[in-house]
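# Chain and residue survey
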Amino acid sequence: MKRPALLALLLLAAMDSAHGQWEIQDSHTLANLHGIHSVGGGTAWASGSGATVLRTTDDGAHWLACPIPPGAAGLDFRAIQAFDRNSAVVMSTGNGSVSRLYKTNDACHTWKLIFTNPDPGGSFDALQFTSRDYLQLHGKLFGILLGGPVAGRFPLFLSFDSGETWERQTTSPEALPGETVFPASNSILRLGDLADRTFITGGLSGARMLLFMSYLDNITPDGHKPCGHPVCQINEWIPWAIPVAHPAPTAGAYSWGWAEGHGAVLVGGDPEHPNRTADTGWYPNLSFNGSRFSFKTALTPPRGFRSAVAFDTATKTWITVGPNGTDISKDYGRNWRPLHPNPKAGDAPDADRNWNALSLPFVAGPNGRIGKLRTHVLKQ
C-alpha cells in the first residue's frame, strides 16, 4: 500500500475512534433509571422506577438487583448516594409520604426506612452527602436533602450522621412564583461542606442558582447590627441569575457541576421540547459588577434538552447527556460538540442517546440502560 493511502487510513481510524463513547452494559432490568453513583474501585449503585436498586462491584461487568425495601414496592427511586460497596441511601420522590429515604449497610441485603417526608404537599427532589468526614465524627458524613416548594419556600433537611437522622434547616430560601426544582438526575444540588450548599431551579419564573452563605459579621450593609452580640452568625441565600429564553413549567436548569478554578457549568432545557437548543447550556459570567453574579448562555449550546452534566478531571472535559444525544466541551461550557456512536468500535447505533443521569464513568437511562464511558474518547 502506498504511503499516502496508508496515512489516509490511519487518519480515518483516528477520527472514527474519537466518536465512540458509551459501551452499553446489561442491567437485567427495564426500569427507568434516574439515579447513578460511582464510588470508585469498580463499585457503583443505580436506582429507578419500581423501587429498583442495582449494584456492581466489578466495574459494571455484572449489575445485580437488590431486594426491594419493605413497604417500598412501586416507589420511584430518583436518587441514590453510596458511601462504599456496602452502604448507600436511596431516595424516592412523590407527594407527601411517598417521598422517603431508605438505607442499607450490608450490601442491600437489608434496608431500613430512615426518613419520611413530613410535608404533605411537598416532595423530595435531590440528595447529596459530603465525600469526606468534615465533622470529624468517626467517619460520619454530612448530608442535605432538597424538596420542592412548600408554602412558598424550598425545604431542606440536614443529616450529621450519614443519613441516620434528619432535621429541617431553619434558613430556607423563598421560591419565586412558579419556581421549582427537577428530580431528573440528582444533580441540581451540590454540597461542598457544612456551609457550601447550592442548588439550581426552573419553572415559569425562569431559573436561578441559590447559594447558601454562612459567615460571621458585626454589621449589616445598612449599618445596623443584626443581633445583640459583638459578632453575629449570618445565614443567607444568594441568587445567581440564569437566563432562560422560553420559561415554562418544565423548563430551566436541570444539572450542574463544578471544576475547581473554573467554576460551574449548567445544562438543562425543556423535556417537552427535547430538540430545542435554546436554554440548554450556561457558564459563569465572571465579570462581577458589584451587584449580582450571573450566568451566560453557551455560545455553541448542547443540541437539545440535557438532564445531566459531569466533569472529567483527567482530560479536563465536560460531558452532558440527554434524550437525543451526548455532547462534550473542552472550554468549560462555552462551546459544545456532539459525540456520535462508532460502529467500528462496537458502539450500539443509539449509544449516544436516551440517557438520564451521569456519575462518571457510568451513565443511566430509561428501560434499564446503563453505559460505561470509553475513557480514551475524551483524550482525543
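This report concerns the structure included in the present document. (Residues numbered from 1 in each chain as written. Predicted model: local features only at pLDDT ≥ 70, side-chain atom pairs only at ≥ 80, totals over all residues. Heavy atoms only, no water.)

## Considerations on the layout of surface pockets
The gaps of empty space that remain are located by a probe, the size of a water molecule, rolled over the atoms. Considered as a void within the structure, the largest pocket measures approximately 1,200 Å³ in volume. What lines the largest pocket is a set of 42 residues, and nearest its centre among them are H37, Q81, Q128, S131 and S359. Only strand 2 (33-40), strand 6 (76-82), strand 10 (124-129), strand 15 (189-191), strand 20 (252-259), strand 24 (308-312) and strand 28 (357-359) provide two or more residues apiece to the lining of the largest pocket. By volume, the second largest pocket is sized at about 300 Å³. For the second largest pocket, the lining is made up of 18 residues, of which W240, W256, W258, G263 and A264 are closest to its centre. Going through the elements one at a time, strand 18 (207-217), strand 20, strand 21 (263-269) and strand 22 (281-285) are the ones with two or more residues in the lining of the second largest pocket. (1 Å grid on protein atoms, 1.4 Å probe; cavity = no way out; pocket = protein on both sides within 12 Å on 5 of 7 lines; lining within 4 Å. Points joined across faces, edges and corners; volume = space filled by probe spheres on them. Helix = DSSP H or I, 4+ residues; strand = E, 2+ residues; numbered from the N terminus.)

## Some points on the nonpolar core
Judged by nonpolar contacts, the single largest core of 29 residues is most densely connected at L146, F199, I200, M209, I242, L266 and F295. In terms of nonpolar packing, the next biggest core, distinct from the first, is built from 14 residues, A72, F77, A82 and W111 among them. (Core = buried A, V, L, I, M, F, W, Y, C linked by side-chain atoms within 4.5 Å. Buried < 20%, exposed > 50% of the residue type's maximum accessible area, 1.4 Å probe, protein only.)

## Here we look at the sheet that holds strand 28
As summarised here, the arrangement of the four strands in space is 1-30-29-28, forming an open sheet in which the pairing is antiparallel. If you trace the sheet from one side to the other, it starts and ends with strand 1 (22-25) and strand 28, each paired once. Neighbour to neighbour, the strand axes of the sheet diverge by 25 degrees on average, direction disregarded. With three bridges connecting them, strand 29 (residues 362-364) and strand 30 (residues 370-373) associate as antiparallel partners. (Pairing = 2+ DSSP bridges. Axes fitted to C-alpha atoms, helices over the stretch in contact; angles between N-to-C directions.)

## A look at the pattern of salt bridges
In the structure shown here, the tally under the stated rule is 12 salt bridges. For the salt bridge of D76 with R78, the shortest nitrogen-to-oxygen distance reads 2.9 Å. We classify D76 as partly exposed; its relative accessible area is 22%. Between R303 and D327 there is a salt bridge whose closest N-O contact spans 2.9 Å. Of the two residues, R303 sits in the loop between strand 23 (294-297) and strand 24 while D327 sits in strand 26 (residues 325-329), which places them 24 residues apart along the sequence. A relative accessible area of 1% places D327 in the buried class. Via salt bridges that share partners, K103, K112 and E164 belong to a single interconnected network. (Salt bridge = Lys/Arg side-chain N within 4 Å of Asp/Glu carboxyl O.)

## Remarks on the pairing of strand 22
Of all the five residues making up strand 22, five are buried; the element is thus mostly covered by neighbouring parts of the structure. Both strand 21 and strand 22 contribute to a ladder of two bridges, which runs antiparallel. By the bridge assignment, L266 is partnered in strand 22 with W282. Judged from the four bridges that link them, strand 22 and strand 23 form a sheet pairing that is antiparallel. Looking across to strand 23, one finds that P284 is bridged to F295.

## Remarks on the state of the cysteines
A full pass over the atoms with the stated rule returns one disulfide. The disulfide partner of C66 is C108, and the gap between their sulfur atoms is 2.2 Å. The disulfide joining C66 to C108 has a torsion of about -80 degrees about its S-S bond and is therefore left-handed. Here C66, found in the loop between strand 5 (64-65) and strand 6, pairs with C108, found in the loop between strand 8 (100-104) and strand 9 (112-116); they are 42 residues apart in sequence, far enough to count as distant. (Disulfide = S-S within 2.5 Å.)

## Some remarks on the packing of aromatic side chains
Inspection of the entire model under this criterion finds 18 aromatic pairs. Seen in terms of ring centroids, F142 and F160 are 5.2 Å apart; in terms of plane orientation they differ by 40 degrees. Their pairing is tilted. With a gap of 18 residues between them, F142 in the loop between strand 10 and strand 11 (143-147) and F160 in the loop between strand 12 (156-159) and strand 13 (167-168) connect regions that are remote in the sequence. For F142, a relative accessible area of 1% puts it in the buried group. On the basis of relative accessible area, F160 is assigned to the partly exposed category, the value being 32%. On the numbers, 4.2 Å between centres and 5 degrees between planes, the contact of F182 with Y254 is stacked. Linking F182 in the loop between strand 14 (179-180) and strand 15 with Y254 in strand 20, this pair joins segments that are 72 residues apart in sequence. Judged by its relative accessible area of 9%, F182 is buried. An aromatic cluster of three or more residues is present, and its members are F83, F115, F124, F129, F157 and W166. Over the aromatic face of W355 sits the side chain of R369, whose NZ or CZ is 4.3 Å from the ring centroid. (Phe/Tyr/Trp six-rings, centres within 6.5 Å; stacked < 30°, edge-to-face > 60°. Lys NZ or Arg CZ within 6 Å of the ring centre and 35° of its normal.)

## Looking at the sheet that holds strand 2
Strands sit in the order 2-3-4-5 across an open sheet of four strands; the sheet is antiparallel. Of all strands in the sheet, those bounded by a partner on one side alone are strand 2 and strand 5. As defined by bridge partners, strand 2 adjoins strand 3 (residues 43-48) across six bridges and the pair is classed as antiparallel. Its bridge partner lying in strand 3, L33 is registered against G48.

Interpretation note: all reported values are geometric properties and have no functional meaning in isolation.
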